Amino acid sequence: MDAWWQEVWQTLQAEFADIGDAKQLTQITVRLLIAAVLGGILGFERESKGKAAGVRTHMLVALGAALFVMVPQMSGNQADAMSRVVQGVIAGIGFLGAGTIIKGKDEEEGHVKGLTTAAGLWMTAAIGVSAGLGRESTAVLSTLLALLVFSVMPKIVKRFEKG
């Protein structure tokens, strides 16, 4: 029976051996943390405005997108395979975003709600992909630009509507 447990233990060790060294562990941790934090920042902004998709949703979208691109990259997949993975993430987020869009039946004919939320989730996924691919600076810059769009653009639009 001892040999059986030894075999089970060795199999478990092999199954959890996908992180080979401290460098790889640090890369994985940094990329996932960056994705989660940046997604959380965008989600906090949306939640503070009373929008449906908030901190947790944005964090999960960014984390998921990062993980979807990290795993194949770390498995040594080629650029064409990575391209298909990114395409899949984009399409999947499109379906998630579509669920946030509601066509209103109020006095304004054709009034649509949730487009900004859907676009924000799409952007959050792109930021997660950037972080997952090791492009943390691009992810941070993109987050700052998205925050500008979320917070500054409504003020600019209101100013022009009044005038």
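About the cut-offs
- Residues numbered from 1 in each chain as written.
- Predicted model: local features only at pLDDT ≥ 70, side-chain atom pairs only at ≥ 80, totals over all residues.
- Heavy atoms only, no water.
- Patch = residues over 30% accessible without salt bridge, like charges linked within 9 Å, V, L, I, M, F, W, Y side chains within 5 Å.
- Areas by Shrake-Rupley, 256 points an atom, 1.4 Å probe, with all protein chains shown as cover.
- Salt bridge = Lys/Arg side-chain N within 4 Å of Asp/Glu carboxyl O.
- Helix = DSSP H or I, 4+ residues; strand = E, 2+ residues; numbered from the N terminus.
- Phe/Tyr/Trp six-rings, centres within 6.5 Å; stacked < 30°, edge-to-face > 60°.
- Buried < 20%, exposed > 50% of the residue type's maximum accessible area, 1.4 Å probe, protein only.
- Lys NZ or Arg CZ within 6 Å of the ring centre and 35° of its normal.
- Expected span 1.5 Å × (residues − 1).
- Arc of directions from axis to C-beta.
- Axes fitted to C-alpha atoms, helices over the stretch in contact; angles between N-to-C directions.
- Parallel < 35°, antiparallel > 145°, perpendicular 65-115°, else oblique.
- Left-handed = near helix turned anticlockwise from the far one by under 90°.
- Contact = heavy atoms within 4.5 Å.
- Nonpolar A, V, L, I, M, F, W, Y, C, P; charged D, E, K, R; others polar.
- UniProt positions renumbered as here; feature names shortened; annotations may be inferred.

Right, let's get into a nonpolar patch on the surface. The grouping of Leu141, Leu145, Leu148, Val149, Val152, Met153, Ile156, Val157 and Phe160 at the surface amounts to a nonpolar patch, some 810 Å² of accessible area in total. Taken together, the elements giving at least two residues each to the nonpolar patch come down to α6 (136–151) and α7 (153–162). By secondary structure assignment, the location of Phe160 is in helix α7.

Turning to the packing of aromatic side chains, a few remarks are in order. Here a ring pair, both rings aromatic, is described through the centre-centre distance and the interplanar angle of the planes. Applying the stated rule across the entire model yields one aromatic pair. Ring geometry for Trp4 and Trp5: centres 4.8 Å apart, planes at 85°, overall edge-to-face. A relative accessible area of 46% means that Trp4 is categorised as partly exposed. Sitting over the face of the ring of Phe150, Arg46 holds its NZ or CZ atom 4.2 Å from the ring centroid.

What follows concerns helix α4 (residues 79–98). Given a rise of 1.5 Å per residue, 20 residues ought to cover 28 Å, and the 28 Å separating the end C-alpha atoms of α4 matches this to within 8%. Restricting attention to buried positions, one finds in α4 the residues Ala81, Met82, Val89, Ile93 and Gly97. Down the axis of α4, the buried set is contained in an arc of 155°. They therefore lie on one face. Those residues of α4 that are exposed and aimed more than 90 degrees away from the buried face are Arg84 and Phe95.

For the pair helix α5 (residues 115–132) and α6, the least separation of the axes is 8 Å and the interaxial angle reads 165°. One way to sum up the angle between α5 and α6 is to call them roughly antiparallel. Judged by the twist between their axes, the crossing of α5 over α6 is left-handed. In this structure, α5 uses Thr116, Gly120, Met123, Ile127, Ser130 and Ala131 to contact α6, whose residues at the interface are Glu136, Thr138, Ala139, Ser142, Thr143, Ala146 and Phe150. Counted by class, the contact of α5 with α6 contains six nonpolar, six polar and one charged residues.

This brings us to helix α1 (residues 2–15). A rise of 1.5 Å per residue sets the reference length of α1, with its 14 residues, at 20 Å; its end C-alpha atoms lie 20 Å apart and thus fit the reference within 8%. Counting buried residues in α1 gives zero out of 14 residues, a small share hidden from the surface.

Here the focus is the UniProt feature "transmembrane region" (unreviewed entry) in the protein. Following the UniProt record, the feature "transmembrane region" (unreviewed entry) maps to residues 28–45, 57–75, 81–102, 114–133 and 139–157 here. Regarding residues 81–102, the helix share stands at 82% and the strand share at 5%, and the terminal C-alpha atoms are separated by 34 Å.

Before going further, it helps to spend a moment on the pattern of salt bridges. The full count for this structure, using the stated rule, is three salt bridges. With a shortest N-O distance of 3.0 Å, Glu45 and Arg46 are connected by a salt bridge. By relative accessible area, which is 7% here, Glu45 ends up buried. When the shortest N-O distance is used, the salt bridge between Arg84 and Asp80 registers 3.9 Å. Here Arg84 and its partner Asp80 are both found in helix α4, four residues apart, which amounts to about one turn of the helix. Here Arg84 falls in the exposed class, since its relative accessible area comes to 52%. A network of salt bridges, in which partner residues are shared, links Glu45, Arg46 and Lys49.

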